[in-house]
Amino acid sequence: MNRTADMTEKPDPWRIPVVVAQIPDTGLHRELEADKAVREAIAEVGGLREVLAASASLDVTPMSGGRFHVEGRVRARIGQTCVVTLDPIENEIDEPIDWIFAPPEQIPEMADLVEEAAESDVAIPDPPEPIENGVIDLGRIATDALYLAVDPYPRKPDAVFEPPVVPEDPADHPFAALKALQLDAKPPGPKKPGKP
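Residues numbered from 1 in each chain as written. Predicted model: local features only at pLDDT ≥ 70, side-chain atom pairs only at ≥ 80, totals over all residues. Heavy atoms only, no water.

**Notes on the overall build of the protein chain**
- The number of helices and strands found in the protein chain is five helices and seven strands.
- Walking the protein chain from its N terminus toward its C terminus, one meets helices and strands in the order α-β-β-α-β-β-β-α-β-β-α-α.
- Out of the 196 residues belonging to the protein chain, those deemed buried represent 32%.
- Excluding contacts between residues fewer than 6 apart, the proportion of contacts in the protein chain whose partners are at least 24 apart in sequence is 67%.
- Roughly 13,400 Å² of accessible area belongs to the protein chain as shown, and the carbon and sulfur atoms make up 55% of that amount. (Helix = DSSP H or I, 4+ residues; strand = E, 2+ residues; numbered from the N terminus. Buried < 20%, exposed > 50% of the residue type's maximum accessible area, 1.4 Å probe, protein only. Contact = heavy atoms within 4.5 Å. Areas by Shrake-Rupley, 256 points an atom, 1.4 Å probe, with all protein chains shown as cover.)

**Remarks on the sheet that holds strand E5 (residues 88-102)**
- Pairing in this open sheet of five strands is mixed, and the strands run E2-E3-E4-E5-E6 from one edge to the other. Here the strands that pair on one side only, and so sit at the sheet edges, are strand E2 (28-33) and strand E6 (129-130).
- Relative to E6, E5 runs parallel, the two sharing two bridges. Bridged to Ala102 within E6 is Pro130.
- In the packing of helix H4 (residues 138-149) onto the sheet, the strands contacted are E2, strand E3 (50-62), strand E4 (68-81) and E5, and the crossing angle to E5 comes to about 130°. (Pairing = 2+ DSSP bridges. Axes fitted to C-alpha atoms, helices over the stretch in contact; angles between N-to-C directions.)

**Considering the nonpolar core**
- Counting 35 residues, the largest nonpolar core has Trp14, Val70, Ile97, Ile136, Leu138, Ile141 and Leu146 as the members making the most contacts within it.
- Going through the elements one at a time, E2, helix H2 (36-46), E3, E4, E5 and H4 are the ones with two or more residues in this core.
- The element contributing the most residues to this core is H4, with six residues.
- Those residues within four positions of Leu138 in sequence are excluded, and the remaining contacts are Ile16, Val18, Arg30, Leu32, Leu58, Val60 and Val70. (Core = buried A, V, L, I, M, F, W, Y, C linked by side-chain atoms within 4.5 Å.)

**Quick notes on the pairing of E3**
- Where E2 lies against E3, six bridges are found, and the strand directions are antiparallel. Within E3, the residue paired with Leu28 across the bridge is Val60.
- Between the antiparallel neighbours E3 and E4 lie five residues, among them Gly65 with a positive phi of about 70°.

This is the structure we're talking about:
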């Protein structure tokens, strides 16, 4: 859920806080749809050309020990620029969400359990995210999952990078200058003995 430093300096573009004390024992389900202003903010913070659509379907389920399981999907249609042709392109995002949130005081203990699992052959679970001030922000979860799913090097399906073909000029060769120095600095030949 951690974003790059550039993203964290800006405010969260999509905020939908849920107070954990108000989550029923049966859990809750939320369907989220980002409006135009939120989509523009998501694009700005994420360095995207545009976000044409963004939605999420999330289930929040209480667990033992004050922990919560957030599961669902985020879907989006984003506008990017092809890294090969520089043409505008659109990409679809459909990213699963499966995160555990825990009270802040439990995070160090649970991080130790993750480290112990890393030393064994058991599958390593992700460390839980902290519940901040008694709130889980569903908008931030959806936004972070969206950012994690963005292709950093988007490319049109038929785009192929062709390096520029430059005719080889012997004078431009990296060692041409060394060769020229070698020819200019011929060592003097052996001295002939002089006649007495």
